Every structure is written in structure tokens, then in C-alpha cells.
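The primary structure of each chain is shown beneath.
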Amino acid sequence: MHRWVDAAHKLLVRGEAAVLVTIARVEGSAPREAGTHLLVTREHVWETIGGGHLEWRAMDVARQLLRQYGQQGARHVERFALGPSLGQCCGGAVTLAFEVLTLSDLAWVSALHKRLAAGEASLRSVAFGAPGADAAASQHQGGPVMLTELDADEPLAHPHTLTRDADDAACSFWQGSDGWLWLSERLAPSDFHIVLFGAGHVGQAIVQVLATLPCRVTWADERTETFPETVPPNTVVESTDTPEAVVTDAPPGAFFLVMTHNHALDQRLCEEIFKRDDFAYFGLIGSMTKRRQFEHRLRDRGVPPERFEQMICPIGVAGISGKAPATIAIAVTAQLLRVREQQMRQSAPAGAQDSGLPA
């Protein structure tokens, strides 16, 4: 999700300045989407705007700003053509917005950090440049950052075209009637929610892979002792004697993965999942033999046979036959991402276009 928020919060609490780099506008093909972030300090970076020479150049600009304005804060906007001058061949261009974050920014960063942790959405608006400056100008002025509460599913409301990225953020960059250049972005928790049953070797491997992705994971098992001492920030553990209730409590559009230590429990979970008709994905670990056995038992339990096609078993993308937990985890995660991409394309507004392949 928005890892830069957590990192910026920690840095500012201890009094260390950083530069937030945001892709404010994309023209043509580019490595990442508008609304993508990079957080830069003198020695470290978080997130990525696509790597390559563009990112190296952005880091260099950010550190120059830190050296010059690290005590007082500053704003800067710069357009980069993704061509020979940057050693890239995307053919498009990106406008990057640079914000030097200092102790004066701690209030809004803390508020945003708190709201995201609570599962709430926010609209962040920030002004760049002096009135009348164009998007390529090197202006280091700016107005205050404004943070507005939004409903989790409320879109960014103004007449300019929006670009939605994989972190469920909407971003727009335009020149207002007040003469300022405005960057507005909707920041919300990811709606990519995975409910994983089973804390065995494969379950643990999947959680580690999912930790690198913009998603939320509910991880359920009856056996408290099987969970590791620490879990990734995007994961919530449910150690429960009634895992079926976790199915009931899952949000619409959830991705269900069933891989417990007990086939009888797997079957009960399958029955509970089939009581819903609003899930995005339902995967059951096992062989074709297990699938046939479960189909027979579930039919006897009243599940209509036509619904069995909604149950993915065996799980994972085709063509990967390895049985090691890490191999299964990668194959399953790839399948989840493919379903997620299909889901996002189907829900995209008419006329929305892909931003192109990475340079």
C-alpha cells in the first residue's frame, strides 16, 4: 500500500527531513502511473517510480533539494522526457512533483498515517509554484498541504481527468484559476483483500510474497502456535476456533485461499464460501483427485454443481509444477494478480487506457 506514509511518519517523528517525489502527470508511455511515489533521504529510498535513469535523476534532484532546503521545506516541479537524454526509450514523458518534508509537515503526515491505518480514505491537495508558473518551471514556493476526509469508495471530485493506480489512488495535476499548480490525490487503503486459511509452510510463504504487494491479508488458522512471531504490516492474524466466521466477515470482492492442515476444515470453509456470491477469487490447494472428492461431497451438501467452476483447484498459474512452498507461493500469487488485473480492467471507466510498458 502507501509505504511512503509510514516511512515519512517515522522519519519526521525523529526530526529527519525527506523528499516526497510524486508522478503528477504521465504523457504517453511511462514506467509507472500518475500517483506513484518515491521517498528519498540522504541515504535511503522507499517505493519506486519505475527505476532506471528516471529514478536516478529524481533521486539526484531530491537530494539537491535536501541539501538546499532540508531545514525549511520547498516544492519543485519538473518534466522529464523519457528519451535518449535519460537513456530510456518509453517515448513518453512524466511530470514529477518534489516536496521537501520537514517537521512542519508532521501534522498532516501523522493524520494521513492514522487514517490509512484505520481503513479510511483521504484527499491530499498541495499547491506548487508561484501564480502563473508553468509545469516545467523550477519554483520552490507552495501553499499548505490540505488533507480532507473521504469515504473509502468516494472518487476524487473535480472536472480533470484522473488516473487510477494499483494502490487505489486517484491523482490529478492542473493549474487552478488561482494561478497555483495543484496536485490532488486520493489516498485509500487497498481494496485488494486476500483471506488466507492455513498457517502452514505454503501459507507462510504466500504471506511473505504478498507482503511486497499493495494488498491487505487476513490470515486465519485454528493453531495459534503455527503463526510466526511477527507478520508483515499488511497482514492481520485471526487465530480462531471458528474460521468459518472469517468467511462471513470478509468484505465483498475478497480473494479466498483455502489451504489448512485438515481436509474436513477445508470442506467446511468451501461450503461457507459457496454461500457467498460476491467473491473475486476462490482457490483450494490440492490435486485433481481432491477436487473430485470435494465436488462430490459439496454436491451432497447442496452446492449446485454449476458453481464448482468458481472453485480453482489445483491453484496457481499453469506450467509451474514445483512443489516447494516458495514455488507454490509465487505461482498462486501470480494467479491472484492475473485475476486482479482482469477485475480492474473490467471496472475501469470507458476510454481508460493503459499507460504503456515499462521502459
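An unreviewed UniProt entry lists the protein chain under the name Xanthine dehydrogenase accessory protein XdhC, with Pandoraea oxalativorans given as the organism.

Student: For this particular structure, what's the right way to read the sheet that holds strand β3 (residues 45–47)?
Tutor: Within a beta sheet, neighbouring strands are joined by backbone hydrogen bonds and run either parallel or antiparallel to one another. Spatially, the 5 strands line up as an open sheet ordered β3-β2-β1-β5-β4, and their pairing is antiparallel. Each of the sheet's edge strands pairs with one partner strand only, and the pair in question is β3 and β4 (74–81). Across the sheet, the mean angle separating the axes of adjacent strands is 20° when strand polarity is ignored. Lying over the sheet, helix α1 (residues 3–13) contacts β1 (18–27), β2 (37–40), β3 and β5 (93–101), oriented at roughly 20° with respect to β2.

Student: How should the packing of helix α6 (residues 263–274) against helix α7 (residues 288–300) be read in this particular structure?
Tutor: A pair of packed helices is captured by two measures, namely the crossing angle of their axes and the spacing between those axes. At a minimum axis separation of 11 Å, α6 and α7 run at an interaxial angle of 60°. One way to sum up the angle between α6 and α7 is to call them oblique. In terms of crossing hand, the pair formed by α6 and α7 is right-handed. Touching H263, D266, Q267, C270, E271 and F274 of α6 are K290, F294, R297 and L298, all from α7. In the contact of α6 with α7, the residues fall into 4 nonpolar, 2 polar and 4 charged.

Student: Explain the packing of aromatic side chains here, please?
Tutor: Each pair of aromatic rings is reported with the distance of its centres and the angle of its planes. For the structure on display, the rule yields 8 aromatic pairs. Between F256 and F279 the ring centres are 6.3 Å apart and the planes differ by 80°, which places this aromatic pair in the edge-to-face class. With a gap of 23 residues between them, F256 in strand β14 (residues 255–258) and F279 in the loop between α6 and β15 (281–284) connect regions that are remote in the sequence. F279 carries the same exposure label as F256, and that label is buried. Seen from their ring centres, F279 and F282 are 6.0 Å apart, and the 80° between their planes marks the pair as edge-to-face. On the accessibility criterion, F279 (14% relative accessible area) is buried.

Student: Just to check I follow, could you spell out the sheet that holds strand β11 (residues 193–197) for this structure?
Tutor: The strand order β13-β12-β11-β14-β15 describes an open sheet built from 5 strands, whose pairing is parallel. Every other strand in the sheet has two partners, leaving β13 (235–239) and β15 as the edge strands with one partner each. Averaged over all adjacent pairs, the angle separating strand axes in this sheet is 15°, with direction ignored. Taken together, the 5 bridges between strand β12 (residues 216–221) and β13 define a ladder with parallel strand orientation. When the sheet's bridge partners are listed, A220 is paired in β13 with E238. α6 contacts β11, β14 and β15 of the sheet and is inclined by roughly 165° relative to β15.

Student: Please clarify how unusual backbone geometry should be interpreted in this entry.
Tutor: Excluding glycine, a negative phi dihedral is what most residues carry, and trans is how most peptide bonds are arranged. In this structure, P314 follows C313 across a cis peptide bond, with omega equal to 0°. Its place among the elements puts P314 in the loop between α7 and α8 (325–347).

Student: What exactly am I supposed to notice about the pairing of β4 here?
Tutor: If a strand is regular, its side chains alternate between the two faces of the sheet. Across the 8 residues that make up β4, a large majority, 6, are buried. Pairing of β4 with β5, which is carried by 8 bridges, proceeds in the antiparallel orientation. Across the sheet, R79 pairs through a bridge with T95, a residue of β5.

Student: Where do I start with the nonpolar core in this structure?
Tutor: One broad trend across soluble globular proteins is that nonpolar side chains are buried collectively. Core analysis: the biggest nonpolar cluster contains 26 residues, and W4, L39, F128 and L183 have the highest contact counts within it. Elements supplying a minimum of two residues to this core: α1, β1, β5, α3 (106–117), β6 (121–128), β9 (170–175) and β10 (181–187). The biggest single contributor to this core is α1, with 6 residues. Not counting chain neighbours up to four residues away, the residues in contact with W4 comprise L20, H37, L39, E47, W108, L112 and L187. By size, the runner-up hydrophobic cluster in this structure holds 24 residues, among which are I206, W219, L257 and Y281.

Definitions and cut-offs
- Residues numbered from 1 in each chain as written.
- Predicted model: local features only at pLDDT ≥ 70, side-chain atom pairs only at ≥ 80, totals over all residues.
- Heavy atoms only, no water.
- Pairing = 2+ DSSP bridges.
- Helix = DSSP H or I, 4+ residues; strand = E, 2+ residues; numbered from the N terminus.
- Axes fitted to C-alpha atoms, helices over the stretch in contact; angles between N-to-C directions.
- Contact = heavy atoms within 4.5 Å.
- Parallel < 35°, antiparallel > 145°, perpendicular 65-115°, else oblique.
- Left-handed = near helix turned anticlockwise from the far one by under 90°.
- Nonpolar A, V, L, I, M, F, W, Y, C, P; charged D, E, K, R; others polar.
- Phe/Tyr/Trp six-rings, centres within 6.5 Å; stacked < 30°, edge-to-face > 60°.
- Buried < 20%, exposed > 50% of the residue type's maximum accessible area, 1.4 Å probe, protein only.
- Core = buried A, V, L, I, M, F, W, Y, C linked by side-chain atoms within 4.5 Å.

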